[in-house]
Amino acid sequence: VAMGHLGDGDQLERAFAGATVHDMFNFMTVAVLLPLEVATGYLFYLTRAMVKNFQTRDGEDWDGPISKWVEPLGALVIIENKDVT
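Not measured: the values here are computed from a predicted model.

Would you mind showing me how to read the confidence of the model for the chain here?
Close inspection of predicted coordinates is inappropriate in any region flagged by low pLDDT. Averaged over every residue, the pLDDT of the chain is 83; residues scoring 70 or more account for 93%. Looking across the chain, the model is least confident in helix 3 (residues 65-77), with a mean pLDDT of 83, and most confident in helix 2 (residues 42-50), with 91.

Below, the structure written as structure tokens:
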């Protein structure tokens with residue numbers, strides 16, 4: 001993100017600060033959730049409780065809810081070139 005703002009020094013400084021805050025958030029999240037998961041299995045049990053009634057049928061692929069929203073929008077914006085391999 002920060003590299004896209006190289007032309008303006010003020011924007012570069014703000015973008016770099018934002019990227020640094022984002023990176024620190026990611027590090028802190030891992031620092032909290034990884035030991036919690038290793039010690040208790042909390043995320044495993046939480047996920048299992050969330051999807052306990054979900055069942056797939058043979059040959060069925062699961063599409064998450066986000067892809068159902070994003071794919072139609074992407075189809076409007078991105079034109080796929082099927083001739084390119």
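We are not done yet, so read on.
Just checking my understanding: could you explain a nonpolar patch on the surface for this structure?
Taken together, the side chains of V32, L33, L36, Y42, L43, L46, M50, V51, F54 and W62 present a nonpolar region at the surface, about 970 Å² in accessible area. Secondary structure elements with two or more residues in the nonpolar patch: helix 1 (9-40) and helix 2. Counting residues per element, the nonpolar patch draws most heavily on helix 2, which supplies four residues. Looking at the element boundaries, L46 is found in helix 2. On the basis of relative accessible area, L46 is assigned to the partly exposed category, the value being 35%.

Explain the pattern of salt bridges here, please?
Using the criterion set out here, one finds one salt bridge in the structure. Two residues, D10 and R14, come together in a salt bridge whose shortest N-O distance is 3.8 Å. Pair noted here: D10 and R14 are both in helix 1, with a separation of four residues, about one helical turn. In this structure D10 comes out as partly exposed when scored by relative accessible area, which is 41%.

About the thresholds
Residues numbered from 1 in each chain as written. Predicted model: local features only at pLDDT ≥ 70, side-chain atom pairs only at ≥ 80, totals over all residues. Heavy atoms only, no water. pLDDT = per-residue confidence, 0-100. Helix = DSSP H or I, 4+ residues; strand = E, 2+ residues; numbered from the N terminus. Patch = residues over 30% accessible without salt bridge, like charges linked within 9 Å, V, L, I, M, F, W, Y side chains within 5 Å. Areas by Shrake-Rupley, 256 points an atom, 1.4 Å probe, with all protein chains shown as cover. Salt bridge = Lys/Arg side-chain N within 4 Å of Asp/Glu carboxyl O. Buried < 20%, exposed > 50% of the residue type's maximum accessible area, 1.4 Å probe, protein only.

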